[in-house]
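# A structural walkthrough
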Amino acid sequence: PKILGELKIPGYSTYLHPYDATHLIGIGYDTKTNQWGGTQNAGIKVDLYDVTDVANPKQMSTLTLGDQGSYSDVLNNPRLFTWYAKKNLLLMPATLMTSANDKTDTYRNKDAWQGTLSISIDTVNGVKEKSRITHINRAGMDAKRTEDCKQYSSTDTKPMCYKLIGGGE
């Protein structure tokens, strides 16, 4: 192995997939600096790289999905990377976390989404999320959690379940 070129960008790719003879798709994590000056993973990152000049690769487009704690099995298992080249469409499973409203608490998530992402990737329009597909019906979920939580509080006080996922009361 020999290093032919280098590209400095925030984040990193754990999987590279050929788009065509001069472009690569990268899947990995965006990164951020935490309150102690260290580096930690942020959301899932999908990149399109131009490697026409191998000595000087360029990041053409990037898309970050979710916040810290987000994950896709594609990051460790490239067999789950489903690329439909005729449509320039990537399908991949993912769990996307949404950070809490309080940006100082970087270790608490507000919400999660799980399913399959549909991502359009082309050299003209770049990387864009097209749709999300899930089998989890979230309709009325916050109201149900609040109702279920009432059993843990006395009738004289407001229910103690005010820190629910999704921020509902």
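Right above here is the structure, for reference.
### Some words on the overall build of the protein
Counting secondary structure elements, the protein contains 1 helix and 8 strands. Traced from its N-terminal end to its C-terminal end, the protein shows the element sequence β-β-β-β-β-β-β-β-α. For the protein, restricting intrachain contacts to residue pairs at least 6 apart in sequence, the fraction spanning at least 24 positions comes to 46%. Summing over all exposed atoms, the protein offers an accessible surface of approximately 10800 Å²; the carbon and sulfur share of this is 54%.

### Structural notes on the pattern of salt bridges
In the structure shown here, the tally under the stated rule is 3 salt bridges. Here K8 makes a salt bridge to E6, at a shortest N to O gap of 3.6 Å. You can call K8 exposed: its relative accessible area is 72%. The residue D47 makes a salt bridge to K45 at a minimum N-O spacing of 3.9 Å. Accessibility assignment for this pair places D47 and K45 in one class, buried.

### Comments concerning the sheet that holds strand β4 (residues 58-65)
One open sheet accounts for 4 strands, arranged β1-β2-β3-β4; its pairing is antiparallel. Of all the strands in the sheet, just β1 (12-20) and β4 have a single pairing partner and so form its edges. Between one strand axis and the next, the sheet turns by 30 degrees as a mean value, whatever way the strands run. As judged from the 10 bridges shared by strand β2 (residues 23-33) and strand β3 (residues 39-50), these two strands associate in the antiparallel manner. Bridge assignment links T31 to a residue of β3, and that residue is N41.

### Re the packing of aromatic side chains
All chains considered together, the criterion is met by 3 aromatic pairs. Seen in terms of ring centroids, Y15 and F81 are 5.2 Å apart; in terms of plane orientation they differ by 65 degrees. Their pairing is edge-to-face. Placement of the pair is Y15 in strand β1 and F81 in the loop between β4 and β5 (82-84), with a sequence separation of 66 residues. For F81, a relative accessible area of 8% corresponds to the buried category. Centre to centre, the rings of Y19 and W83 are 5.7 Å apart; their planes meet at 55 degrees, and the pair counts as tilted. Here W83 lies in strand β5 and Y19 lies in strand β1, a separation of 64 residues in the sequence. Between R132 and the ring centre of W113, over which it is positioned, the NZ or CZ distance is 5.3 Å.

Here is what the cut-offs are and how they apply
Residues take numbers from 1 onward in each chain, read along the sequence in its written order. With the structure being a predicted model, the display of local features is reserved for residues of pLDDT at least 70 and the display and counting of side-chain atom pairs for 80 or more, all residues being used for whole-chain, interface and lining totals. To get the side-chain values, take all heavy atoms of the structure and skip hydrogens and water. Runs of E in the DSSP output that reach at least two residues are strands. Runs of H or I that reach at least four are helices, and both are numbered from the N terminus. Any two residues having at least one pair of non-hydrogen atoms within 4.5 Å are treated as being in contact. Here, Shrake-Rupley sampling with a 1.4 Å probe gives the accessible areas, and only protein chains in the shown set may cover a residue. Salt bridges are counted wherever a side-chain nitrogen of Lys or Arg sits within 4 Å of a carboxyl oxygen of Asp or Glu. Three exposure classes are used, based on accessible area relative to the maximum for each residue type with a 1.4 Å probe and protein chains only: buried under 20%, partly exposed in between, and exposed over 50%. When DSSP finds at least two bridges between two strands, those strands are taken to pair. Whenever a helix is involved, its axis is fitted only over the stretch in contact; in every case the axis is a line through C-alpha atoms, and angles between N-to-C directions fall within 0 to 180 degrees. Here a pair means two rings of Phe, Tyr or Trp (six-membered ring of Trp) with centres within 6.5 Å. Their orientation is stacked below 30 degrees between planes, edge-to-face above 60, and tilted elsewhere. Charge-over-ring contacts are defined here by two conditions on Lys NZ or Arg CZ: a distance within 6 Å of the ring centre and an angle within 35 degrees of the ring normal.

These values are about where atoms sit, not about what they do.
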